[in-house]
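Residue-level listing of the chains:
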Amino acid sequence: AQSVSQHNHHVILSEAASLELGCNYSYGGTVNLFWYVQYPGQHLQLLLKYFSGDPLVKGIKGFEAEFIKSKFSFNLRKPSVQWSDTAEYFCAVDSGNTPLVFGKGTRLSVIA
Amino acid sequence: EAQVTQNPRYLITVTGKKLTVTCSQNMNHEYMSWYRQDPGLGLRQIYYSMNVEVTDKGDVPEGYKVSRKEKRNFPLILESPSPNQTSLYFCASSLSIGGGPYEQYFGPGTRLTVT
């Protein structure tokens, strides 16, 4: 079965620091890849997604992610985080006609 | 406004008392799903539905039932709730699955406490 690993459970950064959150998946075939964000007390919202084409995907709020097929990875990045980026981030993968599989999430705390 | 609604948002109940959490979407989506979110465990899928009258078990279906009689509604039923079902529940919908990166739209969540 498909699985998604997010290696960092909790990341603490100062404002303006750069962010990279890791995501690896297990399926070897064609995949659709997503990053969702959950701000405190809110529901999940889509940050960005990858289907095909340019492996560097840009999303909302200055986030981007890079798909590296050889590494089965889809890491999320942001050059300079803000306090308002404090949230939980979920990587998710679907492999065709199967339901979306989520990672366990990474909690990001941005301190002033 | 395109949205997924859930009711109730908060519910405190006692062990064994049947309850239903409603979920409705107004986007004509084929695919709907229920998740529970627990600290350290992320989102785990309970049940999903590819279309009307088609439902399938997710990763943690025990103790839950669902039905999909209409395209827009996908209620979650707990016939005999137990304390280990205390959790935050999310309903989600998307146009479809497979063949493209269809975004899932999430409801606001239902925080359930079973005492």
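Please refer to the structure placed before this passage.
This report concerns the structure included in the present document. Bear in mind that the values here come from a model prediction, so they are computed numbers and not experimental data. (Residues numbered from 1 in each chain as written. Chains lettered and ligands numbered in written order. Predicted model: local features only at pLDDT ≥ 70, side-chain atom pairs only at ≥ 80, totals over all residues. Heavy atoms only, no water.)

**Description of empty space enclosed by the protein**
At step 1: Within the structure shown, the criterion is met by one cavity of 30 Å³ or more.
At step 2: Taken together, F34(A), D94(A), L100(A), S96(B), I97(B), Y102(B) and Q104(B) make up the full set of residues lining the largest cavity.
At step 3: Class assignment for the residues of the lining of the largest cavity results in four nonpolar, two polar and one charged. (1 Å grid on protein atoms, 1.4 Å probe; cavity = no way out; pocket = protein on both sides within 12 Å on 5 of 7 lines; lining within 4 Å. Points joined across faces, edges and corners; volume = space filled by probe spheres on them. Nonpolar A, V, L, I, M, F, W, Y, C, P; charged D, E, K, R; others polar.)

**Some details on the state of the cysteines**
Residues and elements named next belong to chain A.
At step 1: Within the structure shown, the criterion is met by two disulfides over all chains.
At step 2: Between the sulfur atoms of C23 and its disulfide mate C91 the distance is 1.9 Å. Negative torsions about the S-S bond denote left-handed disulfides, and the value of about -65° found for C23 with C91 makes this one left-handed. Of this pair, C23 sits in the loop between strand 3 (19-21) and strand 4 (24-25) while C91 is found in strand 10 (residues 87-94), placing the two residues 68 residues apart along the sequence. Judged on exposure class, the residue C23 and its partner C91 are both buried. (Disulfide = S-S within 2.5 Å. Helix = DSSP H or I, 4+ residues; strand = E, 2+ residues; numbered from the N terminus. Buried < 20%, exposed > 50% of the residue type's maximum accessible area, 1.4 Å probe, protein only.)

**Remarks on the pattern of salt bridges**
All names here are of chain A.
At step 1: One pass over the structure, following the stated rule, counts eight salt bridges over all chains.
At step 2: Residues E64 and K58 are paired through a salt bridge, measuring 2.9 Å at the closest nitrogen-oxygen approach.
At step 3: What makes E64 buried here is its relative accessible area of 17%.
At step 4: E64 is the salt-bridge partner of R77, the closest N and O atoms lying 3.4 Å from each other. Taken together, the residues R77 in strand 9 (residues 73-78) and E64 in strand 8 (residues 64-68) connect sequence positions 13 residues apart.
At step 5: For R77, a relative accessible area of 22% puts it in the partly exposed group.
At step 6: Ionic contacts of the salt-bridge type, sharing partners, join the residues K58, E64, E66 and R77 into one network. (Salt bridge = Lys/Arg side-chain N within 4 Å of Asp/Glu carboxyl O.)

**Points about the nonpolar core**
At step 1: Membership of the largest hydrophobic core comes to 28 residues, with the highest contact counts inside it found for L33(A), W35(A), L47(A), L48(A), F74(A), L76(A) and Y89(A).
At step 2: Elements with a minimum of two residues in this core: strand 2 (10-14), strand 3, strand 5 (32-38), strand 6 (44-50), strand 8, strand 9, strand 10 and strand 12 (106-111) of chain A.
At step 3: Element by element, the count of residues in this core is highest for strand 10 of chain A, at four residues.
At step 4: Residues within four places of F74(A) in sequence aside, it is in contact with C23(A), L33(A), F34(A), W35(A), L48(A), Y50(A), A65(A), E66(A) and F67(A).
At step 5: Among the nonpolar cores identified, the runner-up in size contains 19 residues, and V21(B), W34(B), V66(B) and V114(B) belong to it. (Core = buried A, V, L, I, M, F, W, Y, C linked by side-chain atoms within 4.5 Å. Contact = heavy atoms within 4.5 Å.)

**A short note on the sheet that holds strand 8 (residues 76-78) of chain B**
Residue and element names in this part refer to chain B.
At step 1: Sheet architecture is open: four strands sit in the order 1-3-8-7, paired in antiparallel fashion. In this open sheet, the two strands that pair with only one neighbour each are strand 1 (4-7) and strand 7 (65-66).
At step 2: Pairing analysis gives four bridges linking strand 1 to strand 3 (residues 19-25), with the strands arranged antiparallel. Along strand 3, the bridge assignment pairs N7 with T22. (Pairing = 2+ DSSP bridges.)

**Describing the pairing of strand 5 (residues 42-51) of chain B**
Residues and elements named next belong to chain B.
At step 1: The element strand 5 is extensively covered by neighbouring structure, given that seven of its ten residues are classed as buried.
At step 2: Across seven bridges, strand 4 (residues 31-38) lies against strand 5 in antiparallel orientation. Bridge pairing links D38 to G42 in strand 5.
At step 3: The antiparallel hairpin formed by strand 4 and strand 5 contains three residues in its connecting segment, where G40 sits at a positive phi of about 80°.
At step 4: Alignment of strand 5 against strand 6 (residues 54-57), held across four bridges, turns out to be antiparallel. Across the sheet, the residue bridging to Y48 is D56, located in strand 6.
At step 5: Between strand 5 and strand 6, which pair antiparallel and follow one another directly, the connecting turn spans two residues, one of which, E53, has a positive phi of 65°.

Note that every value here comes from positions in space, so none of it alone points to a role or purpose.
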